[in-house]
Amino acid sequence: MSSISELQHKVKQANKLRITNNVKDNKEEQLNMSSYSGIVEYFPEELVITLKAGTTIDEVNKILSKNNQALAFFTGDSKKTIGSLYATSGAEFSDSVLGVQIINGKGELLNFGGQVMKNVAGYDVSRLLVGSMGRLAIITQISLKILPEKVAVQFHKKPSIKNKESSLREQVEIKLKKVFDPYGVFI
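These notes cover the structure that comes with them. (Residues numbered from 1 in each chain as written. Predicted model: local features only at pLDDT ≥ 70, side-chain atom pairs only at ≥ 80, totals over all residues. Heavy atoms only, no water.)

For the rest of this paragraph, the subject is the nonpolar core. One recurring pattern in soluble globular proteins: nonpolar side chains tend to sit buried together. Ranked by size, the top nonpolar core spans 26 residues in total, and within it Leu-71, Ile-82, Tyr-86, Phe-93 and Leu-144 carry the most contacts. Put simply, the parts of the chain that give this core at least two residues each are strand E4 (48-52), helix H2 (57-65), helix H3 (82-88), strand E6 (97-103), strand E8 (138-148) and helix H7 (167-180). Residue contributions to this core peak at four residues, all from E8. The next biggest cluster of nonpolar side chains, apart from the first, holds 13 residues, and it includes Ile-4, Ala-14, Leu-31 and Phe-186. (Core = buried A, V, L, I, M, F, W, Y, C linked by side-chain atoms within 4.5 Å. Buried < 20%, exposed > 50% of the residue type's maximum accessible area, 1.4 Å probe, protein only. Helix = DSSP H or I, 4+ residues; strand = E, 2+ residues; numbered from the N terminus.)

The subject of this paragraph is unusual backbone geometry. Note on backbone geometry: most residues besides glycine have negative phi, and most peptide bonds are trans. Even without being glycine, Leu-47 reaches a positive phi, approximately 60 degrees. Relative to the helices and strands, Leu-47 is located in the loop between strand E3 (39-43) and E4. Under the relative-accessibility criterion, Leu-47 is labelled partly exposed at 28%. One non-glycine residue with positive phi stands out, namely Asn-68, at about 55 degrees. Structurally, Asn-68 is set in the loop between H2 and strand E5 (69-71).

Below, the structure is given as structure tokens:
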């Protein structure tokens, strides 16, 4: 899938859909996001980058290093994509998220946040969806704040693993599922 309209069509036609980045996954119920990659916008002077979800960390690091900049969070495996990192990370990642573009369970394209840091009233959906494991929506684009390499180094340590299982988290996920995926498409 290499375009938004193709992704939307796949969601609208699917009964169940599992998001993956594994090229070998070609089953009907799996949506391979690895081909939806690239830099959408990059403003080195503003310390902001917008990426398609299938873009590898390695690709991002190569672009940023040309301007002595780096991502402001632990990335681990540089072969991972920014979308998979978004789907599996926690607070240390969400602190860098400025905005996100998603396709919900109805196949609608939605944008949350933006490319500037500002105060917001209400829920910050772009950060709320971090760690959702692809069960609520397809993440298509992510806008991130970046830092100069010398400053970003302090954030590249592996975060401590915290217990992610709690009854409150489960209740929140159930309510978010009803909002973002009312038809239960994403598994």
